[in-house]
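# Tertiary structure, described
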Amino acid sequence: MTYFIVTYTYGEKSLIQDTRPAHRDFITGLKDNGDVIAAGPFAGDEQSVIIVRLPENATQADAQALLADDPYLAAGALADRDFREWNPVINVWD
């Protein structure tokens, strides 16, 4: 498996609040498919993390494509997104 840590930096708070239910439904669907294994905000509610699990040899572009339909993006609610491949040495998901 290939893992990515995706960090969302929130933009306009009212857009985040208005879009959060649709965003959570979207992420829950990806979790139900096994593509997202954890997600949630940092304390302070200015950023959040999504841990993505994709097949072996997946690329950052694959992770970006997976999250391309996130309602936060369509609403313009994010100030930034950062994708980093992650190597979990100790892992409870596989």
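Residues numbered from 1 in each chain as written. Predicted model: local features only at pLDDT ≥ 70, side-chain atom pairs only at ≥ 80, totals over all residues. Heavy atoms only, no water.

Locating aspartate 70 in the fold gives a position in the loop between helix 2 (60-66) and helix 3 (71-75). For the buried aspartate 70, no salt bridge exists, and the shortest N-O distance to an oppositely charged side chain is 6.3 Å, to arginine 81. Within the local environment of aspartate 70, its side chain forms a polar contact with the side chain of histidine 23, the two groups lying 2.9 Å apart. Residues contacting aspartate 70, with those up to four places away along its chain left out, are Tyr8, His23, Phe26 and Ile27. (Helix = DSSP H or I, 4+ residues; strand = E, 2+ residues; numbered from the N terminus. Buried < 20%, exposed > 50% of the residue type's maximum accessible area, 1.4 Å probe, protein only. Lys, Arg positive; Asp, Glu negative; His and termini not counted. Salt bridge = Lys/Arg side-chain N within 4 Å of Asp/Glu carboxyl O. Polar contact = N/O pair within 3.5 Å; in protein donor to acceptor, adjacent residues only side chain to side chain. Contact = heavy atoms within 4.5 Å.)

So, on to the pattern of salt bridges. Per the stated rule, a full pass over the model turns up 2 salt bridges. Aspartate 45 is the partner of arginine 20 in a salt bridge, and the nearest nitrogen-oxygen pair spans 3.6 Å. Of the two residues, arginine 20 is situated in helix 1 (residues 13-32) and aspartate 45 in the loop between strand 2 (36-41) and strand 3 (47-54); the sequence distance between them amounts to 25 residues. We classify arginine 20 as buried; its relative accessible area is 18%. Judged by relative accessible area, which is 32%, aspartate 45 ranks as partly exposed. Between lysine 31 and aspartate 32 there is a salt bridge, with its nearest N and O atoms 3.0 Å apart. Its relative accessible area of 47% is what places lysine 31 among the partly exposed residues.

A few words now on the packing of aromatic side chains. Within the structure shown, the criterion is met by 3 aromatic pairs. With a centroid separation of 6.1 Å and 75° between ring planes, the pair formed by tyrosine 10 and tyrosine 72 is classed as edge-to-face. In this pair, tyrosine 10 is assigned in strand 1 (residues 2-10) and tyrosine 72 in helix 3, connecting sequence segments 62 residues apart. Like tyrosine 72, tyrosine 10 is buried. Chaining the aromatic ring pairs together yields one cluster made of Tyr8, Tyr10 and Tyr72. Above the face of the tyrosine 10 ring, arginine 20 is positioned so that its terminal group lies 6.0 Å from the ring centre. (Phe/Tyr/Trp six-rings, centres within 6.5 Å; stacked < 30°, edge-to-face > 60°. Lys NZ or Arg CZ within 6 Å of the ring centre and 35° of its normal.)

Let us now look at the nonpolar core. Generally speaking, soluble globular proteins have nonpolar side chains that are buried together. Counting 20 residues, the largest nonpolar core has Val6, Ile50, Val52 and Leu67 as its most contacted members. Residue assignment for this core shows that the elements contributing at least two residues are strand 1, helix 1, strand 3, helix 2 and strand 4 (78-86). Discounting chain neighbours no more than four positions away, the residues touching leucine 67 are Val6, Tyr8, Phe26, Ile27, Leu30, Ile50, Val52, Leu73, Arg81 and Phe83. (Core = buried A, V, L, I, M, F, W, Y, C linked by side-chain atoms within 4.5 Å.)

Here the protein chain averages 95 in pLDDT, and 99% of its residues register 70 or above. Within the protein chain, helix 2 carries the highest mean pLDDT (98), whereas strand 2 carries the lowest (96). (pLDDT = per-residue confidence, 0-100.)

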